[in-house]
Every structure is written in C-alpha cells, then in structure tokens.
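What the coordinates show
Given next are the chains, with one letter for each unit.
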Amino acid sequence: MANIGWNLENSYAGLPEPFFTCLKPAPVHSPKLIVLNYPLVTSLGLNDRALQNNEGLAVLAGNQIPEGALPLAQAYAGHQFGYFTMLGDGRALLLGEQITPLGERFDIQLKGSGKTPYSRGGDGRAALGPMLREYIISEAMHTLGIPTTRSLAVVTTGEPVYRQTQLQGAILTRVAASHIRVGTFEYAAKWGSIEDIRALADYTIQRHFPNIPETKDKYLSFLQEVINRQAELIAKWQLVGFIHGVMNTDNMAISGETIDYGPCAFMDYYDPETVFSSIDVQGRYAYGNQPKIAAWNLARFAETILPLLHDNHEQAINSAQHEISNFPELFQSNWLAGMRAKLGLYNEEKGDAALIEELLDLMHKYNADYTNTFRALTYDALNDTDLFCSSEFTQWYDNWQQRICRQQQPKTTSYQLMKTANPAVIPRNHRVEDALDAAENQSDYSVMMKLLDILLKPYEHSTEQDEYATLPNISASPYRTFCGT
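Attention here is on the structure that accompanies the text. Quantities reported herein were computed from a predicted structural model and do not represent experimental measurements.

This paragraph deals with the overall build of the chain. The helix and strand inventory of the chain stands at 18 helices and 13 strands. Relative to a compact globule of 485 residues, whose C-alpha radius of gyration would be 23 Å, the chain shows 23 Å and is just as compact. Over its C-alpha atoms, taken along the principal directions, the chain stretches across nearly 65 × 60 × 45 Å. Looking at the chain as a whole, 56% of its 485 residues are labelled buried. Here the analysis covers contacts within the chain between residues at least 6 apart in sequence; of these, 71% occur between residues at least 24 apart.

Right, let's talk about helix H18 (residues 446–455) for a bit. All of the buried residues in H18 are Met448, Leu451, Leu452, Ile454 and Leu455. Buried positions in H18, seen along its axis, are confined to an arc of 160° and lie on one side of it. Structurally, H18 contributes buried residues whose contacts are with strand S3 (32–36), helix H4 (128–143) and helix H17 (429–442).

Time to look at the packing of aromatic side chains. This structure, assessed with the given rule, holds 24 aromatic pairs. With 6.4 Å between their ring centres and 20° between their planes, Phe327 and Phe331 make a pair best called stacked. With a gap of 4 residues between them, Phe327 and Phe331 both fall in helix H11 (residues 327–342), about one helical turn apart. For the pair Phe327 and Phe331, a shared accessibility class is recorded, and that class is buried. Three or more aromatic residues link up through ring pairs in this structure, and these residues are Phe388, Phe393, Trp396, Tyr397, Trp400 and Tyr415. Over the face of the ring belonging to Phe374 we find Lys342, whose NZ or CZ atom lies 4.5 Å from the ring centre. When the ring centre of Tyr468 is taken as origin, the NZ or CZ atom of Arg431, which lies over that ring, is 4.3 Å away.

As a further point, take the packing of helix H12 (residues 352–365) against helix H13 (residues 370–379). Across the interface, H12 lies against H13 with an axial gap of 11 Å and an inter-helix angle of 125°. With respect to H13, the axis of H12 lies oblique. Crossing angle aside, the handedness with which H12 passes H13 is right-handed. Here H12 contributes Leu359, Leu360 and Met363 to the contact with H13, which in turn contributes Tyr370, Thr373, Phe374 and Leu377. Here the residues of the contact of H12 with H13 are counted per class, giving 6 nonpolar, 1 polar and no charged.

Now for the side chain of Asp268. Relative to the helices and strands, Asp268 is located in the loop between strand S13 (265–266) and helix H8 (290–304). Take Asp268: its relative accessible area is 11%, and that puts it in the buried class. Among the polar contacts made by the side chain of Asp268, one reaches the side chain of Arg428 at a distance of 2.7 Å. For Asp268, the contacting residues outside a window of four places in its chain are Ala368, Asp369, Tyr370, Arg428, Asn429, Leu471 and Pro472.

Another aspect to go through is the packing of helix H7 (residues 218–240) against helix H10 (residues 313–325). Where H7 contacts H10, the axes come no closer than 10 Å and their chain directions differ by 20°. Between H7 and H10, the angle falls in the class roughly parallel. Crossing of H7 over H10 shows right-handed handedness. Counted together, Leu220, Leu223, Gln224 and Ile227 of H7 and Ser319, Ala320, Glu323 and Ile324 of H10 form the full contact between these two elements. Its residues assigned to classes, the contact of H7 with H10 comprises 5 nonpolar, 2 polar and 1 charged.

In this section: the pattern of salt bridges. Inspection of every chain in the model, using the stated rule, returns 25 salt bridges. Members of the salt-bridge network, linked through shared partners, are Glu9, Glu97, Arg105, Asp107 and Arg207.

Once that is clear, we can look at empty space enclosed by the protein. For the structure shown, the criterion picks out 2 cavities of 30 Å³ or more. As a volume, the largest cavity reaches approximately 70 Å³. Lining of the largest cavity is provided by 13 residues; of these, Gln230, Trp237, Met247, Asn251 and Met252 occupy positions nearest its centre. Looking at the lining of the largest cavity element by element, the count peaks at 4 residues for H7. Split by residue class, the lining of the largest cavity holds 7 nonpolar, 5 polar and 1 charged. Taken together, Pro16, Pro18, Phe19, Tyr187, Ala188, Trp191, Gly192 and Asp196 form the lining of the second largest cavity. In terms of residues, the lining of the second largest cavity owes the most to one element, helix H5 (residues 182–191), which gives 3 residues. Residues of the lining of the second largest cavity, tallied by class, amount to 6 nonpolar, 1 polar and 1 charged.

Criteria and thresholds
Residues numbered from 1 in each chain as written. Predicted model: local features only at pLDDT ≥ 70, side-chain atom pairs only at ≥ 80, totals over all residues. Heavy atoms only, no water. Helix = DSSP H or I, 4+ residues; strand = E, 2+ residues; numbered from the N terminus. Rg over C-alpha atoms; globule rule 2.2 N^0.38 Å. Buried < 20%, exposed > 50% of the residue type's maximum accessible area, 1.4 Å probe, protein only. Contact = heavy atoms within 4.5 Å. Arc of directions from axis to C-beta. Phe/Tyr/Trp six-rings, centres within 6.5 Å; stacked < 30°, edge-to-face > 60°. Lys NZ or Arg CZ within 6 Å of the ring centre and 35° of its normal. Axes fitted to C-alpha atoms, helices over the stretch in contact; angles between N-to-C directions. Parallel < 35°, antiparallel > 145°, perpendicular 65-115°, else oblique. Left-handed = near helix turned anticlockwise from the far one by under 90°. Nonpolar A, V, L, I, M, F, W, Y, C, P; charged D, E, K, R; others polar. Polar contact = N/O pair within 3.5 Å; in protein donor to acceptor, adjacent residues only side chain to side chain. Salt bridge = Lys/Arg side-chain N within 4 Å of Asp/Glu carboxyl O. 1 Å grid on protein atoms, 1.4 Å probe; cavity = no way out; pocket = protein on both sides within 12 Å on 5 of 7 lines; lining within 4 Å. Points joined across faces, edges and corners; volume = space filled by probe spheres on them.

Right under this line is the structure:
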C-alpha cells in the first residue's frame, strides 16, 4: 500500500505499557466510503485516489492495517460532570502518527472500530449520524480558524448498531495533533508512578512544546503553556457562539485543540445559559460556564503534575494555584481582543469591556441572534428586529460609532476588520440536522456536501451564504443534542 502515502510512526507506544493496549480493529462486513476530506488528504501527504480504492477503503474501515501502523487503544481517566472515573478509548484505535511532507506529526485514529478493554460494556461501534456530525462541525471549526481535531473520512460499515433504535454503523477517521488529554494525566496520577507521570509529561513537552527549555522549571513552563492554549481556545469558542456540550476532563486535549464533538452545537439566540446537551440537565457546561469549567479542568491537570513542580508538596500547590489563578485574566484578554475585532476596534480604551457587555446584555434582552447581530453590524445594515428598533440600541450604536471615530484608522477599515472576525455563516443547528436526516434516512449526501461547501469560507461574505444565515422556524420545544454513543 505504499502508493497511498502512509508514513507512520508510533512514538506514543514508547510510553510505559499502562498507557495503552495494543489490539487490531474489528473487521466490518461491507464498508462504503461516504465522504473524504480531499484538502486534508493532500496536506497529510496521502493519495486520494489510492484511499478510494479497495486497499484504501479497507484501512479506513479497519479491515486492513497500513504499513508502519501499530494499532492501540489509549488509557485515560476523567472527571465526567465533576465525578472521577476510569475511561479510555472504548471505541477507537490509534493507528499511528502520520509524518507529513512538511515534517508535522498527526495522530490517525479510527473512531467506531470495535470493542477495546476500555469499552465498559459498550459495543465499540459508532452510528453514522454522530460521525457525520463530527465531520461537519470539526471541519467548520477548522475553517473558522479554531484549533481542532479534523476528520479525514467517514465510511459506513454495512452493519447495524443498536441504540434506542437500529442505526447504520460507521467509522470516522480522526486526525489530531495528539489525543493526549487532561484525563491521560489523571490516569497516570491515579494508577501510575511518579516516573510514569514524568514520562508522560516529557513526551508531551517534546511533542507539543519543544521550545520549553530543559531546566528545573520546565514542568512549570509546561503548565503555563497548557493554560495559555486553553485560554486562547475557549475565547475562540465564545467568540463564535460554540458550545462544546460535554467539557469533561477527558475531552480537554493538552495540545489546545477542540476534541470530541458529541452534543456540540452553535448558539442562535444569545443567552449565556444556553445548553443543548440532553444529558446536561443542570447546565454545568452552558455557554457562559465554559471559561469557568476550563479553569476547573486545568486545576485537575495541575494536580496531576504536582510531584514534578516541586519536591515540597506545599510549594508545588502554591505554584500551581498561582498559575491557575492567571487563567481568568488570560481568557479575558483573548476574548476582549477578539470582541474588539468583531466591533472593528483596532486600539484599546478603558471602556471597551463595558461597551461590549452592554451590547451582549441588549442581545440577551431582545432575544437577538448572536452571529447575525454581528453580521448586520459588519454590513452596517440594521434590519427590522426588536434589538435594532429599540432606543437602547440606538444609544449604544451612537456610542460605538463615536468609539470607532476616535481611532486613527478610517471607518471603512474598521468594517473590513469586522469581516475577518465575524463569520457570515456557522453550521446552524437546523442545517446540520437537515443534512444528517437526509444522509441517515434517505442516503442523500448532497445536502451535507452543499453545507460543507458553504462552510468552507465563512468569512467570504458571499451572497450564496445568505440562505444559510437564516434562522430556524420557531419551535415549541428547545433544540436538543445527544452524545451519539
């Protein structure tokens, strides 16, 4: 299969044995390629034609192991809704790490490839709908400029999976900087030795933070870098109205990528308490809580590396607490910079945060759509909505225009900046559901392919995007998403 272009290494397998279990994917009956990510295929150094032939399809389905691969399931733990539990790859296998033509290293993982020692009674399989959802949302996040795992392909297995009903089985090929999670470190701290924790930390530093100098404080620098990346990531989520839905510690990647798209969705009407996940009945992972949960998860990560921070336990705790306490300010700085761009502000003024919060409060009060409000401001085309017709907004708009005029840059430049910061389209929930319904129930993938094409350039602001910016019809029941496991 040399013509496919696989160039796999297995550095993760060099970690101590407790971190993984080697095993092969479970073969499937009659796989069929549903969608292939051609730009990603090229960047990975793979041959798209070869991937679509029988040998390539066999790899994507788990029926054949590519040369150089060492399939393994990763062990990890995690706090799920605040409660600690043992987890691991219950339906996924890491084939290996593809070294790209540019020398980059990416995990190649099959999701839905069969039972593993960590399946906890599950069947190890995945259904078509959730795998297509991850494909759509992860690729949309990528085009929005948000660090994320990506989706290389989805294949159907020709075999059913059983949840509440019988569904089509499918396998997603996921590409990630790595699958090392906060939960991986929690696993090491709970069941491993200090040397296991050190081995994992050293490996992660070498893989993701190679610029950290080899000093006695390198693990403190490691903690700082992880905190910085999460502050940047969560701010980017908030800026586009993305709600992850299940921010358990096993769903926080050390690399700073968005990972594990289960009950995720994008907010329509602005409300900090927005929750879509059917299992998040208490709103733990609501939109407005995401920064706080990220800080909580980072505290759990810091606890796992305390033995590496200092020989004195109390001093280690003090160092960790100091770094974690910096997260709110780091997040706020990233978020505020992004919000300034969304409003066309090049410089900083003391009253900017208040100006932004006032707009958000008005959006909440008048039930305004998050994305389309900023889209309308970007075009300076205020339509006939309750928000834009209110006297409060008129006053806010005057204050905003005065703020823009105090800049050295001309007003036209501000609107150009806004176009780069405010997407014209996002994967609207009703559009995603339409695509999944057509795919699952009618085997019609054209709706999904059109949606993916529209989402390819979210900042293009083209007329063909207008249709995909429209809101769903008002429903008597709130929109709900499901994990799909």
